[in-house]
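Tertiary structure, described
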Amino acid sequence: NALTVGSKAPAFELNDHNGKPVSSAQLLSNGRLVLCFFRGRWCPFCVGQLAAMNLLLPQFEEAGASLVAISPQTVQQSFFMVDQHKLRFPLLSDAGNQVARQFGLVYRVPDDQQAIYRRAFVNLPFANGDDSWDLPIPAAFIVDRDHTILYASADEDYTQRPEPGAILERPSRRD
């Protein structure tokens, strides 16, 4: 049910890793917006993806695009992640997955997977600040200034992520 190319992205306002509100309108006023939805700082695939995106941040900016990443983790968890991995773009906290839900990305972690996470000391209720066990499917979108989605990638297999270079190709195109 994820939004696809040609759909309109919903407007949003979320707090960044410093607790400051950031709106999609503010971000889009500077050009195109690259959104990465990720599960949390506890996910090694998410950490790897965001580290790779961080390396290409200057190229995204040169192409006229802002980059932000969105997860259900708390502002404090996002702050720790930015600090630990020296990320140079905002991590936005989507409490209750409200924005991810509008993008059609939310699923409930099945009970058997919850048990595995608990055994591996992944405490989602603590990391996300709620007891829902809801997560977003990892996804990447490029949103044009008029909120039209120009690029969409969402895969239920959390190990599958688009290469940052594939995402980077899109914002520089002026069609």
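Each value, and the rule that gives it
Residues numbered from 1 in each chain as written. Predicted model: local features only at pLDDT ≥ 70, side-chain atom pairs only at ≥ 80, totals over all residues. Heavy atoms only, no water. Core = buried A, V, L, I, M, F, W, Y, C linked by side-chain atoms within 4.5 Å. Buried < 20%, exposed > 50% of the residue type's maximum accessible area, 1.4 Å probe, protein only. Helix = DSSP H or I, 4+ residues; strand = E, 2+ residues; numbered from the N terminus. Contact = heavy atoms within 4.5 Å. Phe/Tyr/Trp six-rings, centres within 6.5 Å; stacked < 30°, edge-to-face > 60°.

**So, the nonpolar core**
By size, the foremost hydrophobic cluster in this structure holds 24 residues, and its most contacted members are Val34, Leu50, Met53, Phe89, Leu91 and Ile167. Elements that contribute at least two residues to this core include exactly strand E3 (32–37), helix H2 (44–55), helix H3 (57–62), strand E4 (65–71), helix H4 (75–85), strand E8 (139–143), strand E9 (149–154) and helix H8 (164–169). Here the element with the most residues in this core is H2; it accounts for 4 residues. Contacts of Leu50, omitting those with residues within four sequence positions, involve Cys36, Phe38, Ala69, Met81, Leu87, Phe89 and Leu91. Counting 21 residues, the second largest nonpolar core, distinct from the first, contains Leu3, Leu27, Leu35 and Phe103.

**Quick look at the environment of Ala152**
Note that Ala152 resides in strand E9. Using a relative accessible area of 31% as the deciding quantity, one classes Ala152 as partly exposed. Separated by 15 residues in sequence, Ala152 and Ile137 place their C-alpha atoms 12 Å apart. Those residues within four positions of Ala152 in sequence are excluded, and the remaining contacts are Leu3, Thr4, Val5, Ala140 and Phe141.

**Some thoughts on the packing of aromatic side chains**
In total, this model carries 6 aromatic pairs according to the counting rule given. Here Phe45 and Tyr158 contribute two aromatic rings whose centre-to-centre distance is 5.5 Å and whose plane-to-plane angle is 70 degrees, an arrangement assigned as edge-to-face. Of the two residues, Phe45 sits in helix H2 while Tyr158 sits in the loop between E9 and H8, which places them 113 residues apart along the sequence. By relative accessible area, which is 36% here, Phe45 ends up partly exposed. We classify Tyr158 as partly exposed; its relative accessible area is 31%. For the pair Phe79 and Phe80, a centre-to-centre distance of 6.4 Å together with 65 degrees between the ring planes defines the contact as edge-to-face. One aromatic cluster is present, built from ring pairs that chain together Phe37, Phe103 and Phe141.

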